[in-house]
Amino acid sequence: MPDSIGNTLNTASPIFLGINTKTFADSVEFGDNDYYTFTLNKSSSFNLALTGLADNANVAILDSSGAIVSVSGLPLQSLNQGSLAETINTVLPAGKYFIQVFPGPPVDPTNAANSTPSTNYTLSIRSDTGVRSDITWRNYSTGANEIWRLDGTTFLGNNSLGFTVPDVLWESSGIADFNGDGIDDIVWRYSGSNNPTYPLGSQLFWQLDSNGQVVSEVPLPIQPNPNIFIGGAGNLNGDATPDLIFQNAATGEVSFWLLDSSFSVIADISSNLFLAPGWRIEGVDDFNNDTISDVFFHNSISGQNAVWLLSGASAPTSINFLPTSAPFEVLQGAGDFNGDGQVDLLVRNYSTGGNEVWLFNNVANELVRTDVIPILGVPDLNWVALASSGRSLPVVQQDAAGNSLGASLNIGTLNGDGIYRDSITTSDADDYYRFSVNGQSLVGLNLNGVGGGSLSGNLDVQILNSAGGVIASSTNASGASEILANLSLSAGTYYIRVFAGGAGAVSPYELSVQANSPPVLVSSGPLLVSESSSQTISNTLLLVTDANNSAIQLTYQLAAAPNITNGSLLLNGSAINTGNLFTQQDINQGRLVYQQNASEGALTDRFIFGVSDGQGGTIPNTTFSINIVPVNDPPVLVSSAGITVSEGFATTLSSGNLLVTDVEQAAPQILYSLNSLPARGTLLLDVLGGAQPLTLNSTFTQADITSNRLVYQHDGSETSGSGGL
């Protein structure tokens, strides 16, 4: 897979998180770490899963300096073995972070370039600030008012505010939390002139409770100018009380009222900016998370949209132009609709009644629309969406594991050890994990408190078969750890269930899974080696495999070395003996050699070995056979010293005069062939007591020489000097 993700902190790929899971795919290998960066504007729950692994890859959360983040003393990293899924599930404070995805450790640390795991991966991430943005509606025909409850962009239901306001000259004009209870209230302005109770320009807010019901009506100061309307409510000076933003419909002037805690006006400030015709304030919210509210506008003529980024009750510090609306589309309000801490916009189509949410991210102080999500439509065009009203839910650890067999978290093939952290709560009493084993395996589980301590409540654990039937259980009382050890499972799919051991039992937990597949002997000789030579024992001749242990972890021990008179076993060039160790990696790298020591007559040898994977899996003592191929060694001429003989006389040749040896042949088998004859005499061979002259190509043996049967007879000629045969 092409590498599309930054490989350093400085080149980290920016991502934007929220309650909708974001998914990214890439790969890691030797020299290739992947980095992502994200910013949380508020404290948020955070859940990450690294899945789809073919080999070992790990993940960590880093702070802005690149150091691993710790929460409650626990480093935010997942270092599971094999191809097990990696997960991180926690609550993070606001800040800038990095995600580092990196390959697991090399199988052979001395050869990291060629033994570091390489794998594709899928990274799934979700964060949640706990903020939920609902939508307040007013029907300007019937006077009905209601709130839509949303979970992100999903409609949960609606409820009436309990009051109908049939006078359409009352306009709901803004949303803000005026009494500091964490629940947004609704601001109203009256533009009529015939109501004896409420004069022109009367302003107030409805205080709402957590159920969206009106608790009380609180007056605000009157703004009697009939041309002025409330554009929205928000905090402009950093105190605890919302302020009001106005627009003069006649002049386009934008102005601000700063309010104190008793809702009196402490400052009436003009921005000294006048909007051109068609531009209208549609709402107020904090788009750049600086705690100061900003103002967004829509142009009904051109369809343009813009945001003023404010630093207080003054002219904007910058203006962001947003995507242009289609005809009949109007910005209706702002809110965080995907829980990422970034303000989004609600858009309503006043032709079709359709509604949609524009999701935004803040990139270098520029608002970038990242998605458009349709939501439930309202065909009755008398309904006007005011704005989102915020609810703040507790920020708690997310539920990483599924709550049923069908929704279980798939941690993959169990080919190593791994750790998964989650919680059992009153609303989440069951967590399910799914795994598979490819062959007969020993599986173990430990259920402890986070960090390995005690559970804070009574939790139990089960292993289930593929149909959900219970195979094994651990149901210790109170907060005692749960342990399932050395369960022998055949190939197949299984589930782990972590659940409350009693009504109301709750606790965060740490689930440790261990798996060990026994080593398998694939091949064990025989080795064919020629006499006096050496031969590498390759992994085609000696091979042990293991589903969850690497070659460097598979250790052989010599139970019996080769017969020293026949040969030796060498590791990296040095002889090894009974009790010595070597690994499958040594074999794979060609480091194991058998050396035949040139001994004659031995046609076989052997050594005996056992194997351990270091995790309880073994192969019993096994014989590796060696077949030796004899080699015919050439004869060796030891002596050809020659003889001295008197004229006319004879002399017997001895082994001191002529000697040839052969390590494989005795003297009777060493045969001489006469290729030339003496020039001044005759070579005689004593055969059956009689001397017979040898002719060209005649033969004799070394035994004839050592038995004094070979004689040279001089012919008596008058010569002196040397001659030969």
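On a predicted model such as this, the values are computed, not experimentally measured, just so you know.

Novice: Please clarify how the packing of aromatic side chains should be interpreted in this entry.
Specialist: Each aromatic ring pair is summarised here by two numbers: the centre-to-centre distance and the angle between the ring planes. For the coordinates displayed, the defined rule picks out 22 aromatic pairs. Between Trp-170 and Tyr-190 the ring centres are 4.9 Å apart and the planes differ by 35°, which places this aromatic pair in the tilted class. Of this pair, Trp-170 sits in strand β15 (residues 170-176) while Tyr-190 sits in strand β16 (residues 185-190), and the two are 20 residues apart along the sequence. Accessibility classification places Trp-170 together with Tyr-190 in one group, the buried group. Centre to centre, the rings of Phe-178 and Phe-205 are 4.5 Å apart; their planes meet at 15°, and the pair counts as stacked. Of this pair, Phe-178 sits in the loop between β15 and β16 while Phe-205 sits in strand β17 (residues 203-208), placing them 27 residues apart in sequence. With relative accessibility at 1%, the residue Phe-205 sits in the buried group. A connected cluster of aromatic rings, assembled from ring pairs, spans Tyr-556, Phe-582, Phe-607, Phe-609 and Phe-624. One Lys or Arg, Arg-369, reaches over the ring of Trp-358 and ends 4.6 Å from the middle of that ring.

Novice: What am I meant to see in the sheet that holds strand β2 (residues 22-28) here?
Specialist: Across a sheet, strands are paired by hydrogen bonds formed along the backbone, either parallel or antiparallel in direction. The four strands are arranged β2-β11-β4-β9 in an open sheet whose pairing can be described as antiparallel. Looking at the sheet topology across the chains shown, the edges are occupied by β2 and β9 (86-92). Along the sheet, successive strands turn relative to each other by an average axial angle of 15°, direction set aside. Judged from the seven bridges that link them, strand β4 (residues 44-51) and strand β11 (residues 119-128) form a sheet pairing that is antiparallel. Within β11, the residue paired with Thr-51 across the bridge is Thr-122.

Novice: Is there a simple way to think about the pairing of strand β20 (residues 243-248) in this case?
Specialist: Within a regular strand, the side chains alternate between the two sheet faces. A large share of β20 lies buried, amounting to six of its six residues. Two elements, strand β19 (residues 228-234) and β20, share six bridges in a ladder whose sense is antiparallel. Within the sheet, the bridge partner assigned to Gly-234 lies in β20 and is Asp-243. As paired strands, β20 and strand β21 (residues 253-259) are joined by four bridges and run antiparallel to one another. What sits directly across from Ile-245, in β21, is Phe-256. In textbook terms, the turn of a hairpin is the stretch between consecutive antiparallel strands, and for β20 and β21 this stretch comprises four residues, one of which, Gly-252, has a positive phi near 85°.

So, how was this worked out
Residues numbered from 1 in each chain as written. Predicted model: local features only at pLDDT ≥ 70, side-chain atom pairs only at ≥ 80, totals over all residues. Heavy atoms only, no water. Phe/Tyr/Trp six-rings, centres within 6.5 Å; stacked < 30°, edge-to-face > 60°. Helix = DSSP H or I, 4+ residues; strand = E, 2+ residues; numbered from the N terminus. Buried < 20%, exposed > 50% of the residue type's maximum accessible area, 1.4 Å probe, protein only. Lys NZ or Arg CZ within 6 Å of the ring centre and 35° of its normal. Pairing = 2+ DSSP bridges. Axes fitted to C-alpha atoms, helices over the stretch in contact; angles between N-to-C directions.

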